[in-house]
Amino acid sequence: MGGSLAGMLAAHVLAGHADRVTVVERDRFPDGPRARPGVPQGRHPHVLLEAGQVAVESLLPGILAELRAAGAPRVGMPSDMVLWQNGRWFRRTPATTHIYTGSRAQLEELVRRRVLANPVIRVEEGTDVVGLLGDAARVRGVVLRDRAGDARGEQRALEADLVVDASGSATKALQWLTAIGAEIPHEETIDTGLAYASRIYRGKSGALDGDTLGYYVYPSPDQVHAGGALPLEDGSHLAIVSGLRGDEPPTGDDEFVTYAKRLPHPLLHRWLDEAEPLSPAFGYRRTANVRRRYDVAGSCPAGFVATGDALCTFNPIYGQGMAVAAMSAVALRDALADPRRTPTTRRVQRALLAASRQAWDISAGADRKMPGAIGNAVAGRPADRAADWYLGRVQECAPGDPVVGRAFRSVLTLSAPVTALFAPPVARAVLFRPPATTPAEPPVTPEETGA
């Protein structure tokens, strides 16, 4: 259920274990890399973190070369970006990780083309899933309806040995499970009320060319406004500004630019004021972290698993969604191929949840400290207080200390476990040295190797 990145990669994996895989997608796929209604975040910035790159390449070898050939910007962190967090500018030391910042539509189109070339996989486009077949013990398929008809249009059954919910954060699976008498999973939620707006620009001053590919100001409890500009595949930049509940960014032309004055430095506002807008501004407000605990015993019938945002939704401001979708597909592949264990529904669901756990810990851990955060998971655990103190020190040291910065980025890009932040060289810097000096103003050029 769902033909976005999570659904397509899951279908690719399942094609190695099934006679037929059917992808049910409410939209009709565009001819080329264009945004579509079923991806409400599609017009906003997306990044493919390093762990996501490794995962998608392992599933579809050569896909990163195709992405580069299509012009997707590969941005070195922190050398290629002007970055601000917690009151400090990051030194632009040599890159220790790279992210892709091209449009989501571009990556989805490349993945879709590769996946649908497999004759085992077929697509039901322009089709809604309106229910599940089965009972409390086992899901046995889905109920479909052509979107061209009305709400009372003819329904048809599609039987299946396994149903995968990849329908995104707006999934209706919980009400469908209830309708067949199944238990539904507990939901953990943390919602800061963050809202953002995005708009495509082409710069006129050359400020985002050459050595500097983009800007980004990260939010924090003391600085709740965030924003930046990231490069796209056609040479333009996708600008974003964000704020919390009650101070949502506007989408009007002048108001969008003016809102950037809320950031702690006028850098982005000056650039927007000179740049040429190439699109309207689009807003987005569904940014809560939501995790559905299908892994708990009794919370789901056999024959049904959830993946991607249908399982675990993160505040999009942290850029984790596409990486976790790819990592979840790898987890699905490995769980199905494990010769030591029978891949039961619960075992597979546990593997999928584990693939998203670090991203959840990062996103939820940061958001529960934001002012005005609500939800049943905001309180956290008693042990979180000590961890929060240490991680706060890491964030203070990361902008100026290359050793701490490398570890910090490796964890944020999901390419190393959180324990990397406690390695002896990092711990010594965090616990026994004051934070290193950082630039007083936005650094306009990268530092040379060895600086």
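Just above sits the structure.
Let me sum up the structure you'll find in this document. (Residues numbered from 1 in each chain as written. Predicted model: local features only at pLDDT ≥ 70, side-chain atom pairs only at ≥ 80, totals over all residues. Heavy atoms only, no water.)

This brings us to the sheet that holds strand S18 (residues 289-292). One open sheet holds the three strands; their spatial order is S11-S18-S20, and the pairing between them is antiparallel. The strands lining the two open edges of the sheet, one partner per strand, are strand S11 (187-190) and strand S20 (312-313). Both S18 and S20 contribute to a ladder of two bridges, which runs antiparallel. Counted as the bridge partner of Val290 is Thr313 from S20. Packed on one face of the sheet, helix H9 (residues 345-367) meets S11, S18 and S20 and runs near 145° to S18. (Pairing = 2+ DSSP bridges. Helix = DSSP H or I, 4+ residues; strand = E, 2+ residues; numbered from the N terminus. Contact = heavy atoms within 4.5 Å. Axes fitted to C-alpha atoms, helices over the stretch in contact; angles between N-to-C directions.)

For the structure on display, the rule yields 24 salt bridges. Where Glu108 meets Arg36, a salt bridge forms, and the shortest distance between an N and an O atom there is 3.6 Å. Taken together, the residues span a long stretch of sequence, with Glu108 in helix H4 (residues 104-115) and Arg36 in the loop between strand S1 (21-24) and helix H2 (50-59) at a distance of 72 residues. Overall, the relative accessible area of 6% leaves Glu108 in the buried class. We note a salt bridge from Lys369 to Asp388, for which the minimum N-O separation is 3.8 Å. Of this pair, Lys369 sits in the loop between H9 and helix H10 (384-397) while Asp388 sits in helix H10, placing them 19 residues apart in sequence. On the basis of relative accessibility, which here comes to 40%, the residue Lys369 falls in the partly exposed class. Classification of Asp388 as partly exposed rests on a relative accessible area of 27%. Where salt bridges share partners, they join Glu25, Arg26, Asp27, Arg36, Arg104 and Glu108 into one cluster. (Salt bridge = Lys/Arg side-chain N within 4 Å of Asp/Glu carboxyl O. Buried < 20%, exposed > 50% of the residue type's maximum accessible area, 1.4 Å probe, protein only.)

Let's shift gears to the side chain of Gln106. Locating Gln106 in the fold gives a position in helix H4. Sequence-distant contacts of Gln106, defined by excluding residues within four places in its chain, comprise Pro33, Leu67, Ala70, Gly71, Ala72 and Glu233.

Applying the stated criterion to the full structure yields six aromatic pairs. Residues Tyr201 and Phe256 carry aromatic rings whose centres are separated by 6.1 Å and whose planes lie at 25° to one another, so their mutual orientation is stacked. With Tyr201 in strand S12 (residues 195-202) and Phe256 in helix H6 (residues 253-259), this residue pair connects regions lying 55 residues apart in the sequence. The exposure class assigned to Phe256 is buried, which follows from its relative accessible area of 0%. Three or more aromatic residues joined by ring pairs form one cluster here, namely Tyr201, Phe256 and Trp271. Lying over the aromatic face of Phe282, Arg43 brings its terminal NZ or CZ to 4.6 Å of the ring centre. (Phe/Tyr/Trp six-rings, centres within 6.5 Å; stacked < 30°, edge-to-face > 60°. Lys NZ or Arg CZ within 6 Å of the ring centre and 35° of its normal.)

Nonpolar side chains tend to gather and get buried jointly when the protein is soluble and globular. Residues Leu9, Val111, Leu132, Phe304 and Leu414 are the most contacted members of the largest nonpolar core, which totals 107 residues. Here this core takes 11 residues from helix H8 (residues 321-337), the largest share from any one element. Here Leu414 is in contact with Leu49, Ala51, Ala323, Val324, Met327, Gln358, Ala359 and Ile362, once residues within four sequence places are set aside. Formed by 22 residues, the second largest nonpolar core is a distinct cluster that contains Ala197, Phe256, Leu268 and Trp271. (Core = buried A, V, L, I, M, F, W, Y, C linked by side-chain atoms within 4.5 Å.)

As a further point, take H8. Owing to its 3.6 residues per turn, the α-helix brings residues three or four apart onto one side. Between its terminal C-alpha atoms H8 stretches 24 Å, which fits the 24 Å expected from 17 residues at 1.5 Å a residue. Of all 17 residues that make up H8, 12 are buried, and the element is covered over most of its length. The set of residues buried in H8 consists of Met322, Ala323, Val324, Ala325, Ala326, Met327, Ser328, Ala329, Val330, Ala331, Leu332 and Ala335. (Expected span 1.5 Å × (residues − 1).)

Spatial strand order, S7-S8-S9: three strands in an open sheet with antiparallel pairing. Both edges of this open sheet fall to strand S7 (127-134) and strand S9 (155-159), since each of them pairs with a single strand only. Strand-to-strand twist across the sheet, computed as the mean angle between neighbouring axes with direction ignored, equals 30°. Across seven bridges, the pairing between S7 and strand S8 (residues 139-146) is antiparallel. In the sheet register, Gly134 faces S8, and the bridge partner there is Val139.

A few words on H9. Between its first and last C-alpha, H9 extends 31 Å over 23 residues, near the 33 Å set by a 1.5 Å rise per residue. A maximum bend of about 40° is found in H9 at Arg357. (Bend = angle between axes of the 7 residues up to and from the residue.)

Attention now moves to the pairing of strand S3 (residues 81-85). Within S3, five of the five residues are buried, which leaves it mostly tucked inside the rest of the structure. Looking at chain direction, S3 and strand S4 (residues 88-89) are connected through two bridges and run antiparallel. Residue pairing in the sheet places Trp84 in a bridge with Trp89 of S4. Between S3 and S4, which follow one another and run antiparallel, lie two residues, and Asn86 among them has a positive phi close to 50°.

It is worth spelling out unusual backbone geometry at this point. Cis geometry marks the peptide bond from Met77 to Pro78, where omega comes out at 5°. Note that Pro78 resides in the loop between strand S2 (74-77) and S3. Non-glycine residue Asn86 carries a positive phi angle of around 50°. By the secondary structure assignment, Asn86 is in the loop between S3 and S4. Look at Asn86 and you get partly exposed, because its relative accessible area is 32%.

Take the environment of Phe304 next. Here Phe304 lies in strand S19 (residues 304-306). Here Phe304 falls in the buried class, since its relative accessible area comes to 0%. Linking Phe304 and Ala331, residues 27 residues apart in sequence, is a C-alpha distance of 16 Å. With sequence-adjacent residues up to four places away left out, Phe304 is seen in contact with Met1, Leu132, Val139, Leu162, Val163, Asp165, Ala173, Leu177, Tyr294, Thr345 and Gln349.

These values are about where atoms sit, not about what they do.
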